[in-house]
Amino acid sequence: MTHQAKDGALRPLLVKGFRIYQGLLDRDAQRVLLHEVAAIQRKAPPFRPETPGGRRMSVSMTSAGRHGWFSDRHGYRYVSRHPSGVAWPPIPAPLIALWRRLAPDAPLPDSCLVNLYGKGARMGMHQDRDEADFDHPILSISLGDEALFRMGNVTRGGRTESIWLKSGDVVVIGGAARLAYHGVDRIRFASSSLIKGGGRVNLTLRVVGG
Ligand code: MD6
Ligand code: FE
């Protein structure tokens, strides 16, 4: 559990340098974010990117902010427009507020990747290294179904640790862990009642730069 200190400061659980704020967002805050995600999806419909290896990802994605994450045969990168040609919608204000609270020393994020996990969706172990400056953290918010999140090392392989991320949990990856491998082995489909019909939404806020 995340403990609230007397001064109101939050104490995260530290796992392999990942700062895990369990239960940071209450149900109302989760619902607000879910509505923001629905609005983003209306303007920028989710799609399943193809990996450089030619495989279709099991996770559906879209983005908000100046830069949106994209992948195809040519590689992973950030692009300024949704595949339809429209600009990505702005990053919702409550997400900017959360960033200010948890990453007060960093510049404001210019990208919010929205990952949508249906039944059976997973995400292989990867590093987030398409951003310009690894001094800035990434903030990750979990909504809906529980996910088994695996945390590794800055090089592939070696010991890993896993934790079930629940709706309302927030993870900050920064410092020495910024380039650590991580992934989602599986979700417990319909384990949360937040999203009607089941599913998980993961939001990652980043400073892409450029
Ligand atoms: C997920 N998260 O939780 C996948 N990346 O669905 C990530 O890939 C991730 O949680 C960078 C920083 C934090 C993360
Ligand atoms: Fe990642």
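Higher on the page you've got the structure.
None of the values given here were measured: they were computed from a predicted structure.

Asks: Provide a residue-level description of the overall build of the chain, including the pertinent values.
Replies: Helices and strands together make up the secondary structure of the chain, namely two helices and 15 strands. Computed over its C-alpha atoms, the radius of gyration of the chain comes to 16 Å, within 12% of the 17 Å expected for a compact globule of 210 residues. Taken along its principal axes, the extent of the C-alpha atoms in the chain is 50 × 40 × 35 Å. Partitioning the intrachain contacts of the chain with sequence separation of at least 6 by distance along the chain shows that 69% fall at a separation of at least 24. Of note, the chain has its 30 positive side-chain charges centred 5 Å away from the centre of its 18 negative side-chain charges.

Asks: Explain the site of ligand 1 to me, using residue names and the numbers behind them.
Replies: Every residue lining ligand 1 is accounted for by Tyr117, His126, Asp128, Ile138, Ser140, Phe149, Ile173, His182, Val184, Arg200, Asn202 and Thr204. Separating a nitrogen atom of ligand 1 from a side-chain N or O atom of His182 is a distance of 2.8 Å. A distance of 2.7 Å separates an oxygen atom of ligand 1 from a polar atom in the side chain of Arg200. Notes on ligand 1: free accessible area 340 Å², of which the protein chains cover 99%. Listing elements by their share of the shell around ligand 1, those giving two or more residues are strand 10 (138–144), strand 14 (182–187) and strand 15 (200–206). With three residues, the single largest contributor to the shell around ligand 1 is strand 15.

Definitions and limits used
Numbering of residues begins from 1 in every chain and follows the order in which that chain's sequence is written. Lettering of chains starts at A and numbering of ligands starts at 1, both following the order in which they are written. Reporting of local features is limited, given that this is a predicted model, to residues whose pLDDT is at least 70; pairs of side-chain atoms are given and counted only at 80 or more, and all residues count toward the totals for whole chains, interfaces and linings. The side-chain quantities take in all heavy atoms of the structure and omit both hydrogens and water. The secondary structure listing takes helices from DSSP runs of H or I that are at least 4 residues long and strands from runs of E that are at least 2 residues long, numbered from the N terminus. The globule rule used here is 2.2 Å times the number of residues to the 0.38 power, and the radius of gyration it is set against is calculated over C-alpha atoms. Contacts are residue-level and defined by heavy atoms, with any inter-residue pair within 4.5 Å sufficient. Counted as positive: Lys and Arg. Counted as negative: Asp and Glu, with His and the chain ends omitted from the count. For this purpose, a charge sits on NZ of Lys, CZ of Arg, CG of Asp or CD of Glu. Being near a molecule or strand, for a residue, comes down to having at least one heavy atom within 4 Å of it. N or O atoms within 3.5 Å of each other form a polar contact, as long as, within protein, one can give a hydrogen and the other can take it, and as long as residues adjacent in sequence are counted only when both atoms are side-chain atoms. A 1.4 Å probe and the Shrake-Rupley method give the accessible areas. Residues count as covered only by the protein chains that appear here.

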